[in-house]
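As a plain string of letters, each chain reads:
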Amino acid sequence: MSLEIVSQSNRSHWNVELDGIARPETDKGAGLTMNLLPKCSKEFNSAEYWETFFKKRGGNAFEWYGTYVDHCAVLHKYIKRNDKVLVVGCGNSELSEQMYDVGYQSITNIDISPAVISHMKERNRARRPAMAFAKMDVGQMEFADSQFQVVLDKGTLDAIMTDESEGTLRKVEEMFGEIGRVLRLGGRFLCISLAQEHIARKAVRYFSQQGWPVRVHAVGERAEAGGGQFVMFTFVFTKFKKLPGGGQGILEMCGEGGDQEKPLRLESVEQLLEAVKERQRYALLRNHLTKGSSGGESLSLTLCDRQSGKPRYSIYVVDQPSIKPARANNFAIFIVPQGREAEWIFGTDEGRKQLGRSADFKRLLVVSLHRDQHYQSMEAIQSELSGKVMELAPSGLPPGQQVPFLSVGGDIGVRKVQHRGVSDASGEYVIEDVKGEDGNYYRHLVFLSNVNVVQSESKLLHPASKSDSTQKKKKKDKRKGRLCSEVEKTPSSMPGQVIDKSYLCCDHHRVMIAGLVFLRRKGGFHADAGISLLVVGLGGGSLPLFIHDYFSQSTVDTVEIDPEVVEVATKWFEFTQDDRMRVIVADGLHYIRTLADSGSGSYDVVMFDVDSKDTTLGMSCPPPAFLEQAFLQKVRSLLAPQGLFVLNLVCRDRALREKAVEVIKLVFPLVCLQKIEGEVNEILYCQLSTELKAVSKDLLEAGQILEDDLKKTGKHWDQTYRLAEMLEKVTIV
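Conventions we followed
Residues numbered from 1 in each chain as written. Predicted model: local features only at pLDDT ≥ 70, side-chain atom pairs only at ≥ 80, totals over all residues. Heavy atoms only, no water. Helix = DSSP H or I, 4+ residues; strand = E, 2+ residues; numbered from the N terminus. Buried < 20%, exposed > 50% of the residue type's maximum accessible area, 1.4 Å probe, protein only. Areas by Shrake-Rupley, 256 points an atom, 1.4 Å probe, with all protein chains shown as cover. Pairing = 2+ DSSP bridges. Axes fitted to C-alpha atoms, helices over the stretch in contact; angles between N-to-C directions. Core = buried A, V, L, I, M, F, W, Y, C linked by side-chain atoms within 4.5 Å. Phe/Tyr/Trp six-rings, centres within 6.5 Å; stacked < 30°, edge-to-face > 60°. Arc of directions from axis to C-beta. 1 Å grid on protein atoms, 1.4 Å probe; cavity = no way out; pocket = protein on both sides within 12 Å on 5 of 7 lines; lining within 4 Å. Points joined across faces, edges and corners; volume = space filled by probe spheres on them. Nonpolar A, V, L, I, M, F, W, Y, C, P; charged D, E, K, R; others polar. Left-handed = near helix turned anticlockwise from the far one by under 90°. Contact = heavy atoms within 4.5 Å. Right-handed = clockwise from strand over helix to strand, strands pointing away.

A look at the overall build of the chain
Here is step 1: Scanning the chain from terminus to terminus reveals 19 helices and 28 strands.
Here is step 2: Buried residues in the chain amount to 54% of all 733 residues.
Here is step 3: About 32,200 Å² of surface is accessible on the chain, with carbon and sulfur atoms providing 49% of the total.

Thoughts on the sheet that holds strand 17 (residues 427–435)
Here is step 1: Spatially, 16-17-18-19 is the arrangement adopted by the 4 strands of the open sheet, whose pairing is antiparallel. In the strand order of this sheet, the two ends are held by strand 16 (415–423) and strand 19 (456–459), each with one partner. On average, each strand axis in the sheet is inclined to that of its neighbour by 15°, with strand direction left out of account.
Here is step 2: Where strand 18 (residues 441–447) lies against strand 19, 4 bridges are found, and the strand directions are antiparallel. Each residue of the ladder has a partner; that of His444, found in strand 19, is Glu457.

Comments concerning the nonpolar core
Here is step 1: Ranked by internal contacts, the top residues of the largest apolar core, which has 47 residues, are Ile513, Leu516, Phe551, Met607, Tyr685 and Tyr721.
Here is step 2: Ranked by the residues each element gives to this core, the list is headed by helix 14 (residues 542–550), at 5 residues.
Here is step 3: Counting residues in hydrophobic clusters, the runner-up holds 44 residues, among them Val231, Phe233, Val269 and Leu272.

Considerations on the packing of aromatic side chains
Here is step 1: Per the stated rule, a full pass over the model turns up 25 aromatic pairs.
Here is step 2: Residues Phe233 and Phe235 carry aromatic rings whose centres are separated by 6.5 Å and whose planes lie at 50° to one another, so their mutual orientation is tilted.
Here is step 3: The buried category is assigned to Phe235, whose relative accessible area is 3%.
Here is step 4: Between Phe626 and Phe631, the ring centres sit 5.5 Å apart and the planes meet at 80°, which makes this aromatic pair edge-to-face.

Observations concerning helix 3 (residues 68–78)
Here is step 1: Along helix 3, the positions that sit buried rather than exposed are Tyr68, His71, Val74, Leu75 and Tyr78. Along the axis of helix 3, the buried residues cluster in a sector spanning 140°; they form a single face. Those residues of helix 3 that are exposed and angled more than 90 degrees off the buried face are Val69 and Ala73.

Details of the pairing of strand 13 (residues 331–336)
Each regular strand carries side chains that alternate between the two faces of the sheet.
Here is step 1: With 6 of 6 residues buried, strand 13 lies mostly within the body of the structure.
Here is step 2: Of the two faces of strand 13, both are covered, the one formed by Phe331, Ile333 and Ile335 as well as the one formed by Ala332, Phe334 and Val336.
Here is step 3: As judged from the 6 bridges shared by strand 13 and strand 14 (residues 363–369), these two strands associate in the parallel manner. Each bridged residue has a counterpart across the sheet, and for Val336 the counterpart in strand 14 is Ser368.
Here is step 4: When strand 13 meets strand 15 (residues 405–406), the two strands line up parallel, connected through 2 bridges. What sits directly across from Phe334, in strand 15, is Leu406.

A look at empty space enclosed by the protein
Here is step 1: Under the counting rule described, the total for this entry stands at 2 cavities of 30 Å³ or more.
Here is step 2: One number sums up the size of the largest cavity: a volume of about 70 Å³.
Here is step 3: Lining the largest cavity we find Ser458, Ile499, Asp500, Lys501, Tyr503, Leu504, Gly540, Gly541, Ser542, Leu545, Phe546 and Phe573.
Here is step 4: Looking at the lining of the largest cavity, the element that brings in the most residues is helix 14, giving 3 residues.
Here is step 5: Class assignment of the residues belonging to the lining of the largest cavity gives a composition of 6 nonpolar, 4 polar and 2 charged.

Comments concerning the packing of helix 8 (residues 197–209) against helix 9 (residues 269–291)
Here is step 1: Between helix 8 and helix 9, the least distance of the axes is 10 Å, while the angle of their chain directions is 145°. You can see that helix 8 and helix 9 cross each other, and the crossing is right-handed. Where helix 8 approaches helix 9, its residues Glu197, Ala200, Arg201, Val204, Arg205 and Ser208 are matched on the opposing element by Val269, Glu270, Leu272, Leu273 and Lys277.

Description of the pairing of strand 20 (residues 532–536)
Here is step 1: Strand 20 sits mainly inside the fold: 5 of its 5 residues count as buried.
Here is step 2: Both faces of strand 20 are covered, namely the face carrying Ser532, Leu534 and Val536 and the face carrying Leu533 and Val535.
Here is step 3: Where strand 20 meets strand 21 (residues 555–560), 5 bridges bridge the pair, whose relative direction is parallel. Residue pairing in the sheet places Val536 in a bridge with Val559 of strand 21.
Here is step 4: With helix 14 bridging strand 20 and its parallel neighbour strand 21, the resulting β-α-β unit is right-handed.
Here is step 5: Two elements, strand 20 and strand 23 (residues 603–608), share 4 bridges in a ladder whose sense is parallel. Residue pairing for strand 23: Val536 is matched across the bridge by Phe608.

Overview of unusual backbone geometry
Note: most peptide bonds trans; most residues except glycine with negative phi.
Here is step 1: Cys621 connects to Pro622 through a cis peptide bond whose omega is -5°.
Here is step 2: Mapped onto the elements, Pro622 comes out in the loop between strand 24 (619–621) and helix 17 (629–638).
Here is step 3: Within the chain, Ala195 stands out as a residue other than glycine whose phi angle is a positive 60°.
Here is step 4: You can see Ala195 is positioned in the loop between strand 6 (183–193) and helix 8.
Here is step 5: Accessibility expressed as a relative area gives 2% for Ala195, which makes it buried.
Here is step 6: Backbone geometry at Asp360 places phi at a positive 65°, although glycine is not the residue there.
Here is step 7: Here Asp360 shows up in the loop between helix 11 (349–359) and strand 14.

Take a look at the structure:
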């Protein structure tokens with residue numbers, strides 16, 4: 001699997017010092033090394049610096065980028081025993097010596113420091129007589145063309161390319177040109193590097209433009225002096241003859257499975273560089289988590305399917321530092337059932353924290369399963385994830401500790417994608433049927449630009465196809481008309497109604513409808529009252545459909561900007577139009593302004609249930625333009641004298657919310673508020689009348705009268721919808 005960090009605290013940058021050069025801790029002479037580090041990174045590009053460095057360091061081997069043991073697996077893959085190998089910028093590293101000792105005896109080493117070349121010649125004269133050393137600049141080598149099968153660099157490119165100044169880039173071009181000259185066709189340039197972005201981009205672009213295939217291995221991680229981690233990479237550039245019009249060379253990223261895993265082929269240099277950065281970010285995340293807790297920060301990452309590159313698992317780290325860990329409650333993994341990842345407890349930071357407190361583990365990894373992926377069983381998921389999640393275990397996990405995998409009833413859930421489409425206004429979307437916690441099935445509309453939000457939801461009378469999940473069991477009862485938890489037939493094959501129109505899945509819709517009691521009439525507000533409504537935002541149509549079906553004398557105009565949404569509501573959510581229900585395909589802002597300016601429109605109720613497409617804002621419903629004072633004045637002018645404006649407000653930015661409420665109060669003399677428990681949604685009831693001085697028993701009684709009246713309409717009534725209870729916590733703003 002390849003790795004992609006979705007979001008990661010404020011540590012998403014490299015921990016660097018010395019103008020961008022990470023300071024690793026060596027295993028020999030660490031204190032001496034730190035004293036020899038330059039005052040600025042540019043000194044790494046200086047021959048004088050390295051001459052002084054090696055004179056002072058003496059015989060202590062300098063292994064910033066790891067030892068032979070760290071790199072031997074990749075080196076053996078690309079270097080044959082009889083290859084002629086050139087090591088550029090050898091320094092006093094033991095890498096060449098250890099390669100020689102295992103059979104690679106045709107090795108030539110060069111370096112710009114006379115002191116280190118003299119020392120290395122003396123050190124190897126007796127034990128390794130066939131190994132050659134020469135004082136030479138990698139940008140001006142004295143070797144013949146095509147003399148070597150392999151050129152090996154461990155950190156030299158990183159030392160040369162300390163910046164992107166004209167002089168530095170010229171040196172790098174000279175280095176690359178000389179390496180290409182001395183390599184034979186089919187020869188390999190192996191470059192061990194920390195892969196800082198400017199260095200990796202320069203090297204990959206240069207050689208891929210020459211038509212050379214590029215393959216990258218993440219070799220391992222090394223500790224920094226500051227306690228952090230950095231990843232070493234080996235870039236393998238294979239010399240091919242450049243053909244006219246041949247284009248860039250092949251680009252590949254190798255996984256962590258070694259030869260058992262096929263390299264991932266990428267289409268562009270940018271994709272390859274992003275894959276490198278993903279590996280670097282993952283190392284930072286692991287280091288951060290192994291040192292301690294997440295400290296309340298939101299940490300998450302995505303594991304992608306290696307073949308398709310599509311997201312397969314999203315992992316959220318939930319730490320509870322206050323819990324005293326015992327052997328049994330140190331670490332656990334919670335698998336979110338398919339289709340339920342948008343629920344508050346799984347889809348929000350606060351919800352996952354509550355889940356963590358309930359689970360009572362010091363660290364809980366909450367894992368969401370992605371659509372378009374096949375999951376065979378809970379056991380298969382455990383097997384696939386076990387190695388990766390253990391890399392995210394907290395420090396101090398006892399050896400051999402069994403880590404539990406948790407879920408809701410041990411079930412990975414059911415998700416059946418019924419339809420895919422593209423909206424010009426909102427992009428790609430899916431219609432999917434999922435199994436809920438109650439065993440019933442629900443139909444979701446989800447826009448892929450914001451996969452953690454279910455745009456519309458309706459309860460199904462019949463379930464998703466039984467062939468779509470190994471988790472569903474056959475049932476003997478095949479009788480029609482039962483709720484979907486008791487039937488195993490696919491919606492598309494069932495005659496008649498599929499959607500349970502009596503059931504309002506969204507609590508904010510239930511609260512919005514309960515607010516109709518603010519339309520106070522003598523004897524209470526009744527289901528047969530003749531009322532006209534304007535609803536802005538259609539979605540799946542459940543809100544206007546419920547009003548239409550249960551308020552027999554109502555007329556509903558629904559404004560929807562996206563014609564694709566109207567088609568989806570009609571085809572997949574059984575939305576219908578008639579003489580009391582019509583849809584106007586228009587921009588809600590433009591429609592209301594035009595209607596208000598014409599003076600020809602009047603409604604008893606105006607409802608806003610429209611989302612913002614800009615996910616960067618702290619307010620996701622409605623778009624900010626709908627709450628501008630001038631526009632709200634237009635809304636006010638459309639209302640009858642005793643009319644009601646109902647707003648679904650979803651705002652996570654406290655300052656933005658307070659400002660919005662203040663603007664609303666400037667336009668409407670009476671503003672009442674109902675917060676929805678466990679959700680960000682708030683419903684505001686706004687009126688021109690100021691008769692209501694306090695929320696009294698009269699309002700609750702009116703709610704009960706309306707509820708009782710709705711139950712008498714002859715239509716099925718959802719017993720979980722207690723309309724009167726929705727008004728118990730209404731407050732006047």
